[in-house]
Amino acid sequence: MTDNFEQTTPPEANSASRKLTKGLNRRRMILGGASVAGVTATVFAGRAQANTQKAPAPQTTVNPKGKFAGKVVLITGATSGIGEATARAFAKEGAIVHFCGRREALGEKIAQEITAQGGRASYQKADVRSEQDVKSFIDICVQK
Ligand SMILES: NC(=O)c1ccc[n+]([C@@H]2O[C@H](COP(=O)([O-])OP(=O)(O)OC[C@H]3O[C@@H](n4cnc5c(N)ncnc54)[C@H](OP(=O)(O)O)[C@@H]3O)[C@@H](O)[C@H]2O)c1
């Protein structure tokens, strides 16, 4: 008994069958590729959609008579993260915040946002690894 396709099938049937199989394989590959592309496109579309959703701007109601009303708060490194949250929290409680960081655009943006919400905050570009920057940071805060 043989299960060899070439030997048991007439040559013309064999050739037709090969064409059919070839066609099917091609179709499978195309369809398979299309579904992979479809899934990929969906994933990317999902990501693109996620990226267009902006985080809501923090809503802060400043209390000018809050726990830190009239107090001056100096914060090193408040252009993001814990420092930024601290600057916003102190300003919300009525403090006069002066903060630094190296990323000027972020620092200015945060100071503007706090001010727009009725708080008091100023940003100064300063690198805490520089003695001169730290001295200037404190001097300007005292002057203010
Ligand atoms: N987030 C947490 O859950 C967590 C938990 C435990 C410990 N910590 C630690 O707490 C610290 C702060 O974390 P974070 O999440 O708030 O980090 P972050 O978002 O990277 O904030 C770091 C802040 O420090 C500033 N900074 C870094 N180097 C500076 C430099 N040379 N001069 C002036 N400012 C500088 C950065 O501003 P510029 O880049 O603009 O200079 C930025 O405002 C890190 O040491 C972190 O490992 C964080």
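Everything below is about the structure shown above.
Let me begin by describing the structure that accompanies this report. Once a new chain begins, its residue numbering starts again from 1 and follows that chain's sequence as written. Totals for whole chains, interfaces and linings use all residues, but because this is a predicted model, local features are given only for residues with pLDDT of at least 70 and pairs of side-chain atoms are given and counted only at 80 or more. With hydrogens and water excluded, all non-hydrogen atoms of the structure serve as input to the side-chain values.

Structural notes on the site of the ligand
Then, number 1: Near the ligand you find 13 residues, and of these T79, S80, I82, R102 and R103 are the closest.
Then, number 2: Pairing of N or O atoms within 3.5 Å defines a polar contact, subject to two protein rules: one partner must be a possible hydrogen donor and the other a possible acceptor, and residues neighboring in sequence count only if both atoms are side-chain atoms. A distance of 3.4 Å is found between an oxygen atom of the ligand and a backbone nitrogen or oxygen belonging to G81.
Then, number 3: Within the contact set of the ligand, an oxygen atom lies 2.6 Å away from a side-chain nitrogen or oxygen of R102.
Then, number 4: What sets the accessible areas is the Shrake-Rupley method with a 1.4 Å probe; for residues, cover comes only from the shown protein chains. In the complex, 48% of the free accessible area of the ligand, which totals 880 Å², lies under the protein chains. It suffices for a single heavy atom of a residue to lie within 4 Å of a molecule or strand for the residue to be listed as near it.

Structural notes on a nonpolar patch on the surface
Then, number 1: Judged by side-chain polarity, L74, I138 and V142 come together as a nonpolar surface patch covering roughly 270 Å² of accessible area.
Then, number 2: Secondary-structure assignment places I138 in helix α5 (residues 131–143).
Then, number 3: Partly exposed residues are those whose accessible area sits between 20% and 50% of the maximum for their type, while under 20% is buried and over 50% is exposed, using a 1.4 Å probe and protein chains only. Taking relative accessible area as the criterion, I138 reaches 39% and is therefore assigned partly exposed. Without a salt bridge and with relative accessible area above 30%, a residue can belong to a patch; like charges are then joined within 9 Å and nonpolar side chains (Val, Leu, Ile, Met, Phe, Trp, Tyr) within 5 Å. Only one rule defines a salt bridge in this text: a Lys or Arg side-chain nitrogen within 4 Å of an Asp or Glu carboxyl oxygen. Secondary structure elements follow DSSP: runs of H or I no shorter than four residues count as helices, runs of E no shorter than two count as strands, and numbering proceeds from the N terminus.

Here we look at the pairing of strand β1 (residues 72–75)
Then, number 1: Here β1 shows a clear split, with V73 and I75 buried on one side and none of V72 and L74 buried on the other.
Then, number 2: When DSSP finds at least two bridges between two strands, those strands are taken to pair. Note: β1 against strand β2 (residues 96–101), 4 bridges, orientation parallel. Within β2, the residue paired with V73 across the bridge is V97.
Then, number 3: Consider the strands pointing away from the viewer: the crossover is right-handed when the path from the first strand over the helix to the second runs clockwise. In this view, the connection linking β1 to its parallel neighbour β2 by way of helix α3 (residues 81–92) has right-handed handedness.

Considerations on the pairing of β2
Within a regular beta strand, the side chains point alternately toward one face of the sheet and then the other, so they alternate between its two faces.
Then, number 1: For β2, the buried fraction is high: 5 of the 6 residues fall into the buried class.
Then, number 2: Direction of pairing for β2 relative to strand β3 (residues 120–125): parallel, over a ladder of 6 bridges. Counterpart to G101 in the pairing with β3 is K125.
Then, number 3: Crossover β2 to β3 through helix α4 (residues 104–116) is right-handed.

Structural notes on the packing of aromatic side chains
Then, number 1: For Phe, Tyr and Trp, where Trp contributes only its six-membered ring, two rings pair if their centres lie within 6.5 Å, and the inter-plane angle classes them as stacked under 30 degrees, edge-to-face over 60, or tilted in between. Taken as a whole and assessed by the stated rule, the structure comprises 2 aromatic pairs.
Then, number 2: Between F68 and F90, the ring centres sit 4.8 Å apart and the planes meet at 75 degrees, which makes this aromatic pair edge-to-face. Of this pair, F68 sits in the loop between α2 (11–52) and β1 while F90 sits in helix α3, placing them 22 residues apart in sequence.
Then, number 3: On the basis of relative accessibility, which here comes to 32%, the residue F68 falls in the partly exposed class.
Then, number 4: Given a relative accessible area of 23%, F90 falls into the partly exposed group.
Then, number 5: When the ring of F99 is compared with that of Y123, the centres are 5.5 Å apart and the planes differ by 50 degrees; the resulting orientation is tilted.

Comments concerning the nonpolar core
Then, number 1: By size, the foremost hydrophobic cluster in this structure holds 13 residues, and its most contacted members are I75, A87, V97, F99 and I114.
Then, number 2: Going through the elements one at a time, β1, α3, β2, α4 and β3 are the ones with two or more residues in this core.
Then, number 3: Among the elements that take part in this core, α4 stands out by supplying 3 residues, more than any other.
Then, number 4: Throughout, a residue-residue contact means that at least one pair of heavy atoms, one from each residue, lies within 4.5 Å. Ignoring sequence-local partners within four residues, the contact set of A87 consists of I75, A78, V97 and I114. Residues belong to one nonpolar core when they are buried, are Ala, Val, Leu, Ile, Met, Phe, Trp, Tyr or Cys, and are joined through side-chain atoms within 4.5 Å.

Some details on the sheet that holds β2
Think of a sheet as strands paired side by side through backbone hydrogen bonds, with each pair either parallel or antiparallel.
Then, number 1: As summarised here, the arrangement of the 3 strands in space is β1-β2-β3, forming an open sheet in which the pairing is parallel. The open sheet has two edge strands, β1 and β3, and neither has a second partner. For this sheet, the mean angle separating the axes of adjacent strands, direction not counted, is 15 degrees. Only the stretch in contact is used when fitting a helix axis, every axis being a line fitted to C-alpha atoms; angles between N-to-C directions are given from 0 to 180 degrees.

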